[in-house]
Amino acid sequence: MLKLNNISKRFGGLPALSEVTFYVTKGKITALIGPNGAGKSTLINCISGIIPADQGSILFEEKEISGLQAHEIARRGVARTFQNLRVLPRLSVLENVLCGLTVKSDHSFLKAMLRLPALRHQERFLRLKAMESLDLFGLTKKADWPMAALPYGDKKKVEMARAFVANPGIVLLDEPVAGLNSEETARIGVLVKQMRTAGHTMLLVEHDMELVMDISDHVVVLDSGRCIAQGTPEEIRHNPLVLEAYLGKIGAAA
Ligand SMILES: Nc1ncnc2c1ncn2[C@@H]1O[C@H](COP(=O)(O)OP(=O)(O)O)[C@@H](O)[C@H]1O
Ligand SMILES: [Mg+2]
């Protein structure tokens, strides 16, 4: 589904990613883990076109997407959430999810879509789709709430509902449970697994090792911008390089 080959990225001469190569398989959850500053968010930003990679190729459904603009990559079916929420606080929950449909609509601007009478039938259809996605994330009752009024955990879910609403080919999730308590984390874990059952492909950046081990099919480990290991959760759990680079640091911090 997604093939990264030799991706490198430098910031002001300092390498953030060095020759990262791995594949994401259709219908699976691939987890990307590693200590803070390992380059995980940078990689997600390169895939989604927010920043250009310096080197390497990114094939999505066998086509090169590296070098394309972010909106073009989104239009091809690469959706994402952000480590630090990016929602529109003054719009309603439903409107925030509708934004996720504009990428696939013929008209780029949500406002135009909501105003022009000729587009009303399309608006009804899009609202229906957005409500379906909100329903999956248990947010039907809060559809008309202003985004700003939602608790943090619900905002994370709205971002996910927005990422999945257009039925993308892949969803990149950057730390979907960061800042959530254990109950909310477990809930998101269940939702992510449900999305996989529904056939979605995901690349999950995550710090919560318990969650990663529980829900991932394949785990890729980054350390200082390099891919140091990959395998099943069980293989990664016992990989000495990983224990040293990642789990060791967490153990030391705990
Ligand atoms: N826009 C940027 N400008 C300069 N340096 C950056 C930028 N984004 C990330 N970095 C650096 O790249 C490295 C990797 O960061 P990041 O991808 O955010 O790591 P992670 O998500 O794994 O914690 C860090 O050293 C970080 O300081
Ligand atoms: Mg990050």
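Figured I'd write up the structure that's included with this text. Since this is a predicted model, take the numbers as computed values, not measurements.

**Overview of the site of ligand 1**
Right, so step 1: Taken together, F11, A16, P35, N36, G37, A38, G39, K40, S41 and T42 are the residues near ligand 1.
Right, so step 2: Taking G37, its main chain carries an N or O atom lying 2.8 Å from an oxygen atom of ligand 1.
Right, so step 3: Between ligand 1 and T42, the relevant distance is 2.6 Å, taken from an oxygen atom to a side-chain nitrogen or oxygen of the residue.
Right, so step 4: Here ligand 1 loses 54% of its free accessible area of 560 Å² to cover by the protein chains.

**Let's talk about the packing of aromatic side chains**
Given two aromatic rings, their pairing is described by the distance between the two centres and the angle made by the two planes.
Right, so step 1: Scanning the model with the defined rule gives one aromatic pair in all.
Right, so step 2: Above the face of the Y23 ring, K3 is positioned so that its terminal group lies 5.4 Å from the ring centre.

**With respect to the packing of helix α6 (residues 152-164) against helix α7 (residues 182-197)**
Right, so step 1: The N-to-C vectors of α6 and α7 enclose an angle of 10°; their axes lie 11 Å apart at closest approach. Considered as vectors, α6 and α7 are oriented roughly parallel to each other. Across the interface between the two elements, G153, K157, M160 and F164 of α6 pack against E184, R187, I188, L191, V192 and M195 of α7.
Right, so step 2: Of the residues assigned to the contact of α6 with α7, the class counts are six nonpolar, one polar and three charged.

**Remarks on the coordination of the magnesium ion (ligand 2)**
By definition of the ideal shapes, four donors in a tetrahedron about a metal sit 109.5 degrees apart, and six donors in an octahedron sit 90 or 180 degrees apart.
Right, so step 1: Around the magnesium ion (ligand 2), the protein contributes the donor atoms S41 (OG) and Q83 (OE1), which lie 2.1 to 2.2 Å from the metal centre. With S41 in helix α1 (residues 40-47) and Q83 in the loop between β6 (78-80) and α3 (93-102), the pair connects residues that are 42 residues apart, well separated along the chain.
Right, so step 2: A relative accessible area of 22% places S41 in the partly exposed class.
Right, so step 3: Note on Q83: relative accessible area 28%, which makes it partly exposed.

**A few points about the environment of M131**
Right, so step 1: Mapped onto the secondary structure, M131 falls in helix α5 (residues 120-136).
Right, so step 2: With relative accessibility at 27%, the residue M131 sits in the partly exposed group.
Right, so step 3: In this structure, the C-alpha to C-alpha distance between M131 and A143, residues 12 residues apart in sequence, is 7.6 Å.
Right, so step 4: Here M131 is in contact with L94, T140 and A143, once residues within four sequence places are set aside.

About the cut-offs
- Residues numbered from 1 in each chain as written.
- Chains lettered and ligands numbered in written order.
- Predicted model: local features only at pLDDT ≥ 70, side-chain atom pairs only at ≥ 80, totals over all residues.
- Heavy atoms only, no water.
- Near = heavy atom within 4 Å.
- Polar contact = N/O pair within 3.5 Å; in protein donor to acceptor, adjacent residues only side chain to side chain.
- Areas by Shrake-Rupley, 256 points an atom, 1.4 Å probe, with all protein chains shown as cover.
- Phe/Tyr/Trp six-rings, centres within 6.5 Å; stacked < 30°, edge-to-face > 60°.
- Lys NZ or Arg CZ within 6 Å of the ring centre and 35° of its normal.
- Axes fitted to C-alpha atoms, helices over the stretch in contact; angles between N-to-C directions.
- Helix = DSSP H or I, 4+ residues; strand = E, 2+ residues; numbered from the N terminus.
- Parallel < 35°, antiparallel > 145°, perpendicular 65-115°, else oblique.
- Contact = heavy atoms within 4.5 Å.
- Nonpolar A, V, L, I, M, F, W, Y, C, P; charged D, E, K, R; others polar.
- Donors = N, O, S within 2.8 Å, 3.2 Å for Na, K, Ca; no water.
- Buried < 20%, exposed > 50% of the residue type's maximum accessible area, 1.4 Å probe, protein only.

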